[in-house]
Amino acid sequence: MADPSKVIHIRNVGHEISENDLLQLFQPFGVITKLVMLRAKNQALLQMQDVPSAINAMQVYTNVQPTIRGRNVYVQFSSHQELTTVDQNTQGRGDEPNRILLVTIHHMLYPITVEVLHQVFSPYGFVEKIVTFQKSAGFQALIQYQSRQSAVSAITSLQGRNIYDGCCQLDIQYSNLDELQVNFNNERSRDFTNPSLPAEQRGRSSQQAGYGDAGGIYAFPASGASSVAFPQVPNAAAIAAAFAGGLPPGISGTNDRCTVLVSNLNPDGIDEDKLFNLFSLYGNIVRIKLLRNKPDHALVQMGDGFQAELAVHFLKGAMLFGKRLEVNFSKHPNITPGAETHEYSNSNLNRFNRNAAKNYRYCCSPTKMIHLSTLPQEITEEEIVTLLEEHGTIVSTKVFEMNGKKQALVMFETEEQATEALVCKHASSMAGSIIRISFSQLQAI
């Protein structure tokens, strides 16, 4: 293996694997600064912000085989210590101030629209024009200010900042262009001095302006992100970003019913906290009520309609305690608080209060493999087996470390056994640590 480097060499990158797929594979380990796809060789080179981030990624993917779209990819340290991308600077002029800025967005987990960019850059002066496009260097934009001083202020204040917490990092330089040409006012280009410009028909792109092709890769209805500058991303945008810009098949993204009716439960095995552990995989839980007159029925109120739709989609037909669950939208818009209702809206165990997009990305139907995190630092595989073996036959286990924290993968013989282990042991305490469990989409350890 080559000496450690912040550049990682990735092999077996098939044509079906996109840049975004690779970004999602490595983004848990830190900021990704550059990515070069070597399509002719089915390879890629990816540069992390620093060597420790790359080492963390390599340590994990040495123990856990990384798979993208069903294809194993193979990673090693590159012989390069630094990547230079040829076309990243073709429209930049370096340090010479100019009223037009070339902006490259690294580590892009959320869709970035003209509206988002306008909110980010307009506090520093009047923004005349914005054009966005896609290049091999990543998602880029040209921002034209009315004055050069505004551009100087923006680059001084914003260079290196993240638009959203932990992602969408701004890499800004002065452009060598003198004037932007904008033909259409839409989500990819905008002339704020000429609001009467037409909106192009969907499917065409800003390449008409001669800057490149955004291709609609990150297109998302403006309502999802238009009200965002630096705060929390709305769920709609976070979900779409988590699923690579489009919702999974079968999910409309338009549901507004927050309450779910769960039936065919096993009354002897289930309680509100176990339902919380399962449904909190798909969103924040507001409250849960077991129906005393129908002991095998329960109502679960999710944080919003998107989260309820994810829960219905992924849990319908799941097996738990010997019963096949029926999960449907309830006719009740919400659950009325009362003595028989368990409140969870303020629970610090709700998973989507932080890293919402990351949690959405891991949403899936129950699998045979569970992922345990926030484990005690000195935990052993034997202790994990002892904790979980009452719930079924454990096929294999693996304990590893990520970002200095102990984690584990445990594969059961069936999805039902893994589901039972998750609902019974998530949020349980071990040696002072509150264990977090979710399903893993890995096929093998």
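Residues numbered from 1 in each chain as written. Predicted model: local features only at pLDDT ≥ 70, side-chain atom pairs only at ≥ 80, totals over all residues. Heavy atoms only, no water.

1. Considering the side chain of T397
Alright, step 1. Note on placement: T397 falls in strand β22 (residues 394-402).
Alright, step 2. Engagement of the side chain of T397 in a polar contact is seen with the side chain of E381, the distance being 2.7 Å.
Alright, step 3. Apart from the residues lying within four places of it in its own chain, the contact partners of T397 are E381, V385, L409, V410 and I445. (Helix = DSSP H or I, 4+ residues; strand = E, 2+ residues; numbered from the N terminus. Polar contact = N/O pair within 3.5 Å; in protein donor to acceptor, adjacent residues only side chain to side chain. Contact = heavy atoms within 4.5 Å.)

2. Some points on unusual backbone geometry
Alright, step 1. Although it is not a glycine, R69 sits at a positive phi angle of roughly 50°.
Alright, step 2. You can see R69 is positioned in the loop between β4 (67-68) and β5 (71-72).

3. Details of the pairing of strand β23 (residues 405-412)
Alright, step 1. Among the 8 residues that make up β23, 7 are buried, leaving the element largely enclosed by the rest of the structure.
Alright, step 2. Summarising the sheet, strand β21 (residues 369-373) and β23 pair through 4 bridges and their orientation is antiparallel. Its bridge partner being in β23, L372 is matched across the sheet by A408.
Alright, step 3. Where β22 meets β23, 8 bridges bridge the pair, whose relative direction is antiparallel. Across the sheet, the residue bridging to M402 is K405, located in β23.
Alright, step 4. Here β22 folds back onto β23 in antiparallel fashion, the turn holding 2 residues, of which N403 has a positive phi close to 50°. (Buried < 20%, exposed > 50% of the residue type's maximum accessible area, 1.4 Å probe, protein only. Pairing = 2+ DSSP bridges.)

4. Focus on helix α9 (residues 381-388)
Alright, step 1. Regarding α9, the residues found buried are I384, L387 and L388. Buried residues in α9, looked at end-on, bunch into an arc of 80°, giving them a common side. Turned more than 90 degrees from where α9 packs its buried face, E382 and T386 sit exposed.
Alright, step 2. The secondary structure elements touched by the buried residues of α9 are β21, β22, β23, α10 (415-425) and β24 (429-430). (Arc of directions from axis to C-beta.)

5. Structural notes on the pattern of salt bridges
Two side chains of opposite charge can pair, provided their charged atoms sit close to one another.
Alright, step 1. Counted according to the given criterion, the structure contains 9 salt bridges.
Alright, step 2. Here K129 makes a salt bridge to E179, at a shortest N to O gap of 2.8 Å. Here K129 is found in strand β9 (residues 127-135), whereas its partner E179 is found in the loop between β12 (167-175) and β13 (189-191), with 50 residues between them in sequence.
Alright, step 3. In this structure E179 comes out as partly exposed when scored by relative accessible area, which is 41%.
Alright, step 4. Salt-bridge contacts for K425 lead to E390; the nearest nitrogen and oxygen are separated by 2.9 Å. Placement of the pair is K425 in helix α10 and E390 in the loop between α9 and β22, with a sequence separation of 35 residues.
Alright, step 5. Taken together, the shared-partner salt bridges in this structure form one network comprising R99, E128, K129 and E179. (Salt bridge = Lys/Arg side-chain N within 4 Å of Asp/Glu carboxyl O.)

6. Concerning the confidence of the model for the chain
Alright, step 1. For the chain, per-residue confidence averages 82 on the pLDDT scale, and 85% of positions sit at 70 or higher.
Alright, step 2. Within the chain, strand β7 (residues 92-94) has the poorest average pLDDT of any element, 45, and α10 the best, 97.
Alright, step 3. When the criterion is pLDDT under 50, residues 85-94 qualifies, and its contacts beyond four places in sequence or with other chains add up to 34 contacts.
Alright, step 4. Residue range residues 201-234 is modelled with pLDDT below 50. Its contacts to residues more than four positions away, or to other chains, number 77 contacts. (pLDDT = per-residue confidence, 0-100.)

7. Quick word on the state of the cysteines
What we call a disulfide is simply a covalent bond connecting the sulfur atoms of a pair of cysteines.
Alright, step 1. By the definition in use, this model includes 0 disulfides.
Alright, step 2. Free cysteine C364: the closest other cysteine sulfur is in C363, separated by 7.7 Å. (Disulfide = S-S within 2.5 Å.)

8. Notes on helix α4 (residues 148-158)
Alright, step 1. Of all the positions in α4, only S150, A151, A154, I155 and L158 are classed as buried. In an axial view of α4, the angular spread of the buried residues amounts to 130°, which keeps them on one side of the axis. Exposed positions of α4 whose direction lies more than 90 degrees from the buried face are R148, Q149 and T156.

9. Here's the deal with the sheet that holds strand β3 (residues 43-48)
Alright, step 1. The strand order β2-β3-β1-β6 describes an open sheet built from 4 strands, whose pairing is antiparallel. Among the strands making up the open sheet, the edge pair consists of β2 (32-38) and β6 (74-77). The average angle at which neighbouring strand axes cross in this sheet is 20°, direction not considered.
Alright, step 2. Alignment of strand β1 (residues 7-11) against β3, held across 5 bridges, turns out to be antiparallel. The partner of I8 across the bridge, within β3, is L46.
Alright, step 3. Of the strands in this sheet, β1, β2, β3 and β6 are in contact with helix α1 (residues 19-26), which crosses β2 at around 135°.
Alright, step 4. Where helix α2 (residues 51-63) meets the sheet, its contacts fall on β1, β3 and β6, and the angle it forms with β6 comes to roughly 140°. (Axes fitted to C-alpha atoms, helices over the stretch in contact; angles between N-to-C directions.)

10. With respect to the packing of helix α6 (residues 272-279) against α10
Alright, step 1. Interhelical geometry of α6 versus α10 gives an angle of 115° and a closest axis separation of 7 Å. The crossing of α6 and α10 is right-handed. Contact with α6, carried on its side by K274, N277 and L278, involves T419, L422, V423 and C424 of α10 and no other residues of that element.
Alright, step 2. Of the residues contributing to the contact of α6 with α10, the split by class is 4 nonpolar, 2 polar and 1 charged. (Left-handed = near helix turned anticlockwise from the far one by under 90°. Nonpolar A, V, L, I, M, F, W, Y, C, P; charged D, E, K, R; others polar.)

11. Observations regarding the side chain of E272
Alright, step 1. Tracing the sequence through the fold places E272 in helix α6.
Alright, step 2. For E272, a relative accessible area of 7% translates into the label buried.
Alright, step 3. Filtering out sequence-adjacent residues up to four positions away, E272 remains in contact with I288, L290, R292, H342 and Y344.

12. Looking at the pairing of strand β15 (residues 285-290)
A regular strand places its side chains so that they alternate between the two faces of the sheet.
Alright, step 1. In terms of residue burial, β15 counts as a mostly covered element, since 5 of its 6 residues are buried.
Alright, step 2. As paired elements, β15 and strand β16 (residues 298-302) share 5 bridges and run antiparallel to each other. By the bridge assignment, K289 is partnered in β16 with L299.
Alright, step 3. As paired strands, β15 and strand β20 (residues 341-343) are joined by 3 bridges and run antiparallel to one another. Bridge pairing in β20 links K289 to T341.

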